[in-house]
2 protein chains.
Amino acid sequence: MTAISDGRRGDVYASDCPTRVVLDHVTSRWATLVLGMLLDGTMRFSELRRAIGGVSEKMLAQTLQALERDGLVLREVRPVIPPHVDYSLTELGVQAGEQVRGLCRWIEDHLPNFLHAQGVYDSRS
Amino acid sequence: MTAISDGRRGDVYASDCPTRVVLDHVTSRWATLVLGMLLDGTMRFSELRRAIGGVSEKMLAQTLQALERDGLVLREVRPVIPPHVDYSLTELGVQAGEQVRGLCRWIEDHLPNFLHAQGVYDSRS
DNA sequence: AGTTGAGCTAACTTTTGGTAAGTACCTACC
DNA sequence: GGTAGGTACTTACCAAAAGTTAGCTCAACT
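Student: Explain the protein's contact with DNA strand C residue by residue, including any values.
Tutor: Around DNA strand C, the structure places 17 residues, and the nearest of them are A:Phe45, A:Ser46, A:Pro83, A:Val85 and B:Ser56. A class-by-class count of the residues in the surface near DNA strand C yields eight nonpolar, four polar and five charged.

Student: Mind laying out the sheet that holds strand β1 (residues 43-44) of chain B, listing which residues take part and the relevant values?
Tutor: All names here are of chain B. Strand order in the open sheet formed by three strands is β1-β3-β2, with antiparallel pairing between adjacent strands. The sheet is open, and its two edges are formed by β1 and β2 (73-78), each paired on a single side. Bridge count between β1 and strand β3 (residues 84-89): two bridges; the pairing is antiparallel. Across the sheet, Arg 44 pairs through a bridge with Asp 86, a residue of β3. Across the sheet, helix α4 (residues 57-69) lies against β2 and β3, angled at about 115° from β2, the strand it touches most.

Student: Report on the interface of chain B and chain A, specifying residues and quantitative values.
Tutor: On the chain A side, the residues contacting the 46 residues of chain B number 46 residues. Its residues assigned to classes, the side of chain B that touches chain A comprises 21 nonpolar, 16 polar and nine charged.

Student: Which residues make up the sheet that holds strand β2 (residues 73-78) of chain A, and what values go with them?
Tutor: All names here are of chain A. Sheet architecture is open: three strands sit in the order β1-β3-β2, paired in antiparallel fashion. Each edge of the open sheet carries a strand with a single partner, namely β1 (43-44) and β2. Across the sheet, helix α2 (residues 29-38) touches β1, β2 and β3 (84-89), and the angle it forms with β3 is around 90°.

Student: So what's going on with the relation of the copies chain B and chain A? Residues and values would help.
Tutor: You can overlay chain B on chain A at an RMSD of 0.1 Å; the transform is a turn of 180° with a shift of 0.0 Å along its axis. The transformation relating the two chain copies, once decomposed into turn and shift, fits a two-fold axis. Within chain B, B:Thr27 has its C-alpha nearest the rotation axis, a separation of 2.6 Å. Mapped onto chain A, 100% of the interface residues of chain B again fall at the interface, so both copies present the same surface.

Student: If you had to explain the protein's contact with DNA strand D to someone new, which residues and values would you point to?
Tutor: As a structural note, the neighbourhood of DNA strand D is formed by 18 residues, with B:Phe45, B:Ser46, B:Pro82, B:Pro83 and B:Val85 the closest of them. Every element with two or more residues in the surface near DNA strand D is listed here: α4 (57-69) of chain A together with α3 (45-51), α4 and β3 of chain B. Grouping the amino acids of the surface near DNA strand D by side-chain chemistry returns eight nonpolar, four polar and six charged.

About the cut-offs
- Residues numbered from 1 in each chain as written.
- Chains lettered and ligands numbered in written order.
- Predicted model: local features only at pLDDT ≥ 70, side-chain atom pairs only at ≥ 80, totals over all residues.
- Near = placed C-beta within 6 Å.
- Nonpolar A, V, L, I, M, F, W, Y, C, P; charged D, E, K, R; others polar.
- Pairing = 2+ DSSP bridges.
- Helix = DSSP H or I, 4+ residues; strand = E, 2+ residues; numbered from the N terminus.
- Contact = placed C-beta atoms within 7 Å.
- Axes fitted to C-alpha atoms, helices over the stretch in contact; angles between N-to-C directions.
- Least-squares fit on C-alpha atoms with pLDDT ≥ 70 in both.

Encoded structure:
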């Protein structure tokens, strides 16, 4: 089949398939961390900002917008002053979050392996 | 604990933890596709290039080098003419590949959901 | 009155990614 | 025998994306 989005299944190996866009969003640097973090419950914008080391406000806002558009994150504004915005995962987002958190945990668990491999590689070149 | 790489576990939520580098490599646009593809067996450079729609030679080479350095991909050169280079997954690479392929498959299976969510979002803005 | 905090957005800079070409060697074709 | 094509890259260049900085509004706190 071709990579047409006719309501059937996608193919990430086809360059023109819309799954590529979603894959890029979900696997983007900050999205993996956001999805993993929101798995533990609803959070506010600045809570997320503090929890995820190194994100700028711009990138966090951008990431959250992309995830919201893809239907993974729910954004709820409380029209109070000062502004209060809650972010949580949708049903779809929970599924995505579990996958990426699994990956993150696996990487964390195998850090020594990576460090060792990098050392060996670098000493050869 | 801090994000020091003293041989223990990492923390992807700390900006200075070396797991961040590995996470970035594994979740980079082309690495997810390379890892998923090599799960089916050893492949040559240009086989990969043809199998993964849209990769440039530069990016494929760069991606493979990063994955090799992290100990996920094994590169074997056969000193013949014309050049012949085989790429395969290490034991570590197989584990990573299974995780990212799971993610890819999940995205492919839920494409209609994403397309629908995007449509709803765009019609509101 | 000045600072802080919330949640952004716009302007600007740096980094990354993509395109195109070059390299070295051999094979097959016309 | 000159040309085209295949293999596995590397290098130079440019556009697109990511990242940094500053600014914004409104209110509370000092």
